[in-house]
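Architecture and fold: a report
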Amino acid sequence: MDPTQFDREKLHEIIDNYRDRKWALIPLLQEIQEEFGFIPPESIEPVADALNMFASQVQGVITFYTGFSLKPKGRCVLRVCRGTACHVKGSRSILRLVKKELGLEEGETSPDYQFTLETVACLGACFLAPTMMVNRDYYGRLNPTKVTSVLGEYRKDKEDD
Ligand code: FES
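I will try to describe carefully the structure that is included in this document.

About the cut-offs
- Residues numbered from 1 in each chain as written.
- Predicted model: local features only at pLDDT ≥ 70, side-chain atom pairs only at ≥ 80, totals over all residues.
- Heavy atoms only, no water.
- Salt bridge = Lys/Arg side-chain N within 4 Å of Asp/Glu carboxyl O.
- Buried < 20%, exposed > 50% of the residue type's maximum accessible area, 1.4 Å probe, protein only.
- Helix = DSSP H or I, 4+ residues; strand = E, 2+ residues; numbered from the N terminus.
- Contact = heavy atoms within 4.5 Å.
- Polar contact = N/O pair within 3.5 Å; in protein donor to acceptor, adjacent residues only side chain to side chain.
- Pairing = 2+ DSSP bridges.
- Axes fitted to C-alpha atoms, helices over the stretch in contact; angles between N-to-C directions.
- Patch = residues over 30% accessible without salt bridge, like charges linked within 9 Å, V, L, I, M, F, W, Y side chains within 5 Å.
- Areas by Shrake-Rupley, 256 points an atom, 1.4 Å probe, with all protein chains shown as cover.
- Lys, Arg positive; Asp, Glu negative; His and termini not counted.
- Charge placed at Lys NZ, Arg CZ, Asp CG, Glu CD.
- Core = buried A, V, L, I, M, F, W, Y, C linked by side-chain atoms within 4.5 Å.

Section: the pattern of salt bridges
Inspection of the entire model under this criterion finds nine salt bridges. Here Lys99 makes a salt bridge to Glu105, at a shortest N to O gap of 3.4 Å. Here Glu106 makes a salt bridge to Lys99, at a shortest N to O gap of 3.6 Å. Take Glu106: its relative accessible area is 33%, and that puts it in the partly exposed class.

Take a look at the structure:
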């Protein structure tokens, strides 16, 4: 499904629930992102109106928090760790392999919105280095064979849909 074709009625319904609750900007943005997988840029104005704020203030909060994204992401978001512990254990070659397998550079999403590739400073699981996450699942002690099999599983999931 193309995530840019989101349910606008649903978006306005969510925003209406927060009307005049200026303090609730972050929970509102979180709810929008959870519902659609990203914050559609066209929601900035209505959010600002509902909370009696300037659009620039809403935009500022979205860009400040790395957890918020104005761009749609893939169904599977891969986060490859490039922290020190993972670097020492070969994360660079893991990242190179993931890029090659997916045909994506860091920060890119595949045209079918299946995969997004990101890198992070530390996934908080250094003892499992080198690590990556796919959505909420951790994969540690990675090697090329393991990476290929993990990616294979997520590709298979897609075929099963
Ligand atoms: S450095 Fe990779 S999980 Fe901490």
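Remarks on the environment of Ser110
Here Ser110 is to be found in the loop between α6 (91–102) and β2 (115–120). Between the alpha carbons of Ser110 and Thr84 there is a distance of 28 Å; along the sequence they are 26 residues apart. Residue contacts for Ser110: discarding those within four places in its chain leaves Leu104 and Phe115. Among the polar contacts made by the side chain of Ser110, one reaches the side chain of Asp112 at a distance of 2.7 Å.

Quick notes on the sheet that holds β2
Taken in spatial order, the four strands make up an open sheet running β2-β1-β3-β4, and their pairing is mixed. Two strands close off the open sheet at either side, each with one partner strand: β2 and β4 (137–139). Taking the axes of each pair of neighbouring strands and ignoring which way they run, one obtains an average angle of 20 degrees across the sheet. Across the sheet, α6 touches β1 (76–81), β2 and β3 (132–134), and the angle it forms with β1 is around 155 degrees.

Examining a negative patch on the surface
Judged by side-chain charge, Asp7, Glu9, Glu31, Glu34 and Glu35 come together as a negatively charged surface patch. A per-element tally of the negative patch places helix α2 (residues 25–36) first, with three residues. When you line up the elements, Glu34 lands in helix α2.

Looking at the nonpolar core
Membership of the largest hydrophobic core comes to 22 residues, with the highest contact counts inside it found for Leu28, Ile32 and Val58. Examining the composition of this core, we find that five residues originate from one element, α2, more than from any other. Within the second largest apolar cluster, 18 residues are counted, among which are Leu78, Val80, Leu95 and Val150.

A word on the side chain of Ser91
Tracing the backbone through its elements, the reader meets Ser91 in helix α6. Leaving out residues up to four positions away in the same chain, Ser91 has contacts with Cys81, Arg82, Cys86 and Pro130.

Overview of the pairing of β1
Of all six residues in β1, five are buried, a share of seventy percent or more. Pairing of β1 with β2, which is carried by six bridges, proceeds in the parallel orientation. Bridge pairing in β2 places Arg79 opposite Glu118. Judged from the three bridges that link them, β1 and β3 form a sheet pairing that is antiparallel. The residue bridging Val80 from the neighbouring strand is Met132, located in β3.

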